[in-house]
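Chains, contacts and geometry: an overview
As a plain string of letters, each chain reads:
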Amino acid sequence: MAILVLGGAGYIGSHTVYRLIEAGRDVVVADNLQTGFKEAVHPKARFYQLDIRDKGALDELFRKEKIEGVIHFAASSQVGESMTNPLKYYNNNLYGTMVLLQSMVDNGIDKIVFSSTAATYGEPERVPILEGDKTFPTNCYGQTKLAMEQMMGWVSRAHGLRYVALRYFNACGAHVSGKIGEAHDPETHLLPIILQVPLGQRKEVSIFGDDYPTKDGTCIRDYIHVTDLAEAHILALDYLVAGGENNVFNLGNGVGFTVKEVIDIAREVTGHPIPAKIAERRAGDPAQLIASSQKAIDVLGWKPQYNDLYTIVETAWNWHRTHPHGFKEE
């Protein structure tokens, strides 16, 4: 029986495929390559180029392959874009998931692990954030992800689907082999943006606000290595295969770093001064977001291996300096 990874040519999806292959699993990847890269797909995985909004293509895949369970990364994920183009997010994320779940029900596939987000919480009511805390998203991206979780809940009640939603925090780093890593266009994540300075692709880093109620005035975030995220998805699917009930888990390191601290570590790793300037706050940026991942540790047996920020930055730098233009031709 194979595992289907939707969005398996994207950043977190491709790392999950690598971990599955390394663990000896049979893997099928489906991706429309809208933001993913064929070059990121592990050569031992069977690849289908399709869009999850195409039910006929999904039905055909499910008929052709014997799928044990689905890991679902296929969604649009840029917070800023979701606010300027919300209908794209409702179409790709919500409608796409509706079509996927209908195809799963029709083809008797009853297990799904879903890539959710800490953005479902909005402004946290406490730190660290627990899974039972209120969900009140402050952007359209987070709202669609929460609605996708809720959709799975109702489909579960009606059709017996079982699901795990993984709400994760700031994914970063790259595969230790240096073969795959983060490649977005445009890039919006902090660490790749910082590393564009020593690569000569930008002159300086902008720090959006230095007057937050934190130790150095800059935002605090919980950074989690992409391979640790990948491992959690595999553990979550194994949990469902073993009969586990519907569940939601936070994924983070439980430790927060300020923007200035991340830049300092990047300076240390790269040996580059990385100039930084203070810019205005961005609307909707909470002062700090830190996860409690104790539930994932207790229930799934998850043990993050890359919980040191220096190591995380080092893996990212190893990827970016050898692939300064990502998967594109040099």
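Described below are features of the structure shown in this document.

Here helix α8 (residues 259-270) contains 12 residues, and its C-alpha end-to-end distance of 16 Å stays within 8% of the 16 Å for a straight helix at 1.5 Å per residue. What α8 keeps buried is the set Val259, Val262, Ile263, Ile265, Ala266, Val269 and Thr270. Along the axis of α8, the buried residues cluster in a sector spanning 160°; they form a single face. For α8, the elements touching its buried residues are α6 (190-195), β8 (205-208), β9 (220-225), β11 (256-258), β12 (276-279) and α10 (309-322).

The omega torsion across valine 127 and proline 128 is 0°, close enough to zero to call that bond cis. With respect to the element layout, proline 128 can be found in the loop between β5 (111-117) and α5 (140-159). Positive phi values are uncommon outside glycine, yet leucine 33 reaches one of about 60°. Summarising the element assignment, leucine 33 is placed in the loop between β2 (27-31) and β3 (46-49). Judged by relative accessible area, which is 25%, leucine 33 ranks as partly exposed. In this model, isoleucine 274 sits at a positive phi of 45°, which is unusual for a non-glycine residue. By the secondary structure assignment, isoleucine 274 is in the loop between α8 and β12.

Under the 1.5 Å per step criterion, the end-to-end length of helix α7 (residues 226-241) is 23 Å for 16 residues, consistent within 8% with the ideal 22 Å. Of all 16 residues making up α7, 13 are buried, and the element is well covered by its neighbours. Phi turns positive, to about 100°, at glycine 243, one or two residues after α7.

Definitions and cut-offs
Residues numbered from 1 in each chain as written. Predicted model: local features only at pLDDT ≥ 70, side-chain atom pairs only at ≥ 80, totals over all residues. Heavy atoms only, no water. Helix = DSSP H or I, 4+ residues; strand = E, 2+ residues; numbered from the N terminus. Expected span 1.5 Å × (residues − 1). Buried < 20%, exposed > 50% of the residue type's maximum accessible area, 1.4 Å probe, protein only. Arc of directions from axis to C-beta. Contact = heavy atoms within 4.5 Å.

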